[in-house]
Amino acid sequence: MKVGLTALAGMLLLAGCATTRPVRMVGDPATVAAQETRETALSGRDHWTLTARMYVGNGKDGGSGDLTWVQDGDRYDFTVAFPGRQVRLSGDAGGALLEGADKSGPLHGPDAESLMDKALGFRVPLADLKAWVMAVRAAGKTADVHFGADGLPSELVQDGWTIVYPEWDPAAQPRLPMKVYATRAPYTVKLARMGWEFR
């Protein structure tokens, strides 16, 4: 698998925020209530830019790049910059466009999930990713959330993925991750030096 496609897949495997659903959260009542309040506060925020340093591996290949993810309601624009080139996925409810991943030119699809399935042979849960990158549970699926000593999510397990949150931005309100590590064999995705800008 090409490193560019691998990295873009990983970026998506991490790609509105979810509404609260009755799922199991492992913590005391106050910690669980604080997470539910945090999720409610983030549920309507769908206009933002996320920048990060990203590493993605699939058990055989891997690579690092600089990620810029712009979310404007239903419209999304993911760009991963590598030395000398970049891969970009953009789209909205009307379709998706993948550029820079194939020498034959841009690829079009009805949505990001089916386009990435065609390009990579793997279907990415885009709606879930928008939730997980903020340490929010994706809607409609069973999830387990574990908390650290700081009362913030340390691990979220959902839809076969384990997402770990080792570092948080102490200045953000509500609190937001600065590092996100996600695994689902054979895939590994790591985001670091995360920066958020909301509009």
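Residues numbered from 1 in each chain as written. Predicted model: local features only at pLDDT ≥ 70, side-chain atom pairs only at ≥ 80, totals over all residues. Heavy atoms only, no water.

Enquirer: Outline the overall build of the chain, supporting the account with residue identities and numerical values.
Expert: Of regular secondary structure, the chain possesses four helices and twelve strands. Out of the 199 residues belonging to the chain, those deemed buried represent 48%. A total accessible area of about 8,900 Å² is found for the chain, and carbon and sulfur atoms account for 52% of it. (Helix = DSSP H or I, 4+ residues; strand = E, 2+ residues; numbered from the N terminus. Buried < 20%, exposed > 50% of the residue type's maximum accessible area, 1.4 Å probe, protein only. Areas by Shrake-Rupley, 256 points an atom, 1.4 Å probe, with all protein chains shown as cover.)

Enquirer: Residues and numbers for unusual backbone geometry, please.
Expert: Across the junction of Gln173 and Pro174, the peptide omega takes the value -5°, indicating a cis bond. Mapping Pro174 onto the fold places it in the loop between strand 10 (161-169) and strand 11 (176-184). Residue Pro186 is reached from Ala185 by a cis peptide bond, and omega for that bond is 5°. Tracing the backbone shows Pro186 in the loop between strand 11 and strand 12 (187-198). A positive phi angle is found at Ala135, which is not glycine, with a value near 60°. Relative to the helices and strands, Ala135 is located in the loop between helix 4 (126-132) and strand 8 (143-147). Of the residues examined, Ala135 reaches a relative accessible area of 0% and is grouped as buried. Phi at Arg193 is positive, roughly 50°, even though this residue is not glycine.

Enquirer: Give a description of the pairing of strand 8 that names residues and reports values.
Expert: Burial within strand 8 is extensive, with four of its five residues counted as buried. Across five bridges, the pairing between strand 8 and strand 9 (residues 153-158) is antiparallel. Paired with His146 across the two strands is Glu155, which belongs to strand 9. In sequence, strand 8 turns back onto strand 9 through a hairpin of five residues, with Gly151 there showing a positive phi of about 80°. (Pairing = 2+ DSSP bridges.)

Enquirer: Tell me about the pattern of salt bridges, and name the residues and values.
Expert: Taken as a whole, this structure holds nine salt bridges when the rule is applied. Here Arg88 ties to Asp77 by a salt bridge, and the two come within 2.5 Å at their closest N and O atoms. On the criterion of sequence distance, the pair formed by Arg88 in strand 5 (residues 85-92) and Asp77 in strand 4 (residues 75-82) is long-range, its members being eleven residues apart. (Salt bridge = Lys/Arg side-chain N within 4 Å of Asp/Glu carboxyl O.)

Enquirer: So what's going on with helix 2 (residues 29-42)? Which residues, and what values?
Expert: Since there are 3.6 residues in each turn of an α-helix, residues three or four apart along the chain are aligned in direction. For helix 2, with 14 residues, the first-to-last C-alpha span of 20 Å sits near the 20 Å given by 1.5 Å per residue. Residues of helix 2 that are buried: Thr31, Val32, Gln35, Arg38, Glu39 and Leu42. What you see down the axis of helix 2 is that its buried residues fit within an arc of 120°, all on one side. Exposed residues pointing more than 90 degrees away from the buried face of helix 2 are listed as Pro29, Ala30, Thr37 and Thr40. At the N-terminal boundary of helix 2, the capping side chain belongs to Asp28, with an oxygen 3.0 Å from the backbone nitrogen of Ala30. (Expected span 1.5 Å × (residues − 1). Arc of directions from axis to C-beta. Polar contact = N/O pair within 3.5 Å; in protein donor to acceptor, adjacent residues only side chain to side chain.)

Enquirer: Which residues make up the side chain of Ser90, and what values go with them?
Expert: Here Ser90 lies in strand 5. When its relative accessible area of 5% is taken as the criterion, Ser90 is described as buried.

Enquirer: Before we move on, can you summarise the environment of Phe147 with the specific residues and values?
Expert: Here Phe147 shows up in strand 8. When its relative accessible area of 16% is taken as the criterion, Phe147 is described as buried. Residues Phe147 and Tyr165 lie 18 residues apart in sequence; the distance between their C-alpha atoms is 9.6 Å.

Enquirer: Mind laying out the environment of Asp150, listing which residues take part and the relevant values?
Expert: Counting through the fold element by element, Asp150 comes out in the loop between strand 8 and strand 9. Sequence separation between Asp150 and Thr31 is 119 residues; the distance between their C-alpha atoms is 9.3 Å. A distance of 3.0 Å separates the side chain of Asp150 from the backbone nitrogen of Leu152, its partner in a polar contact.

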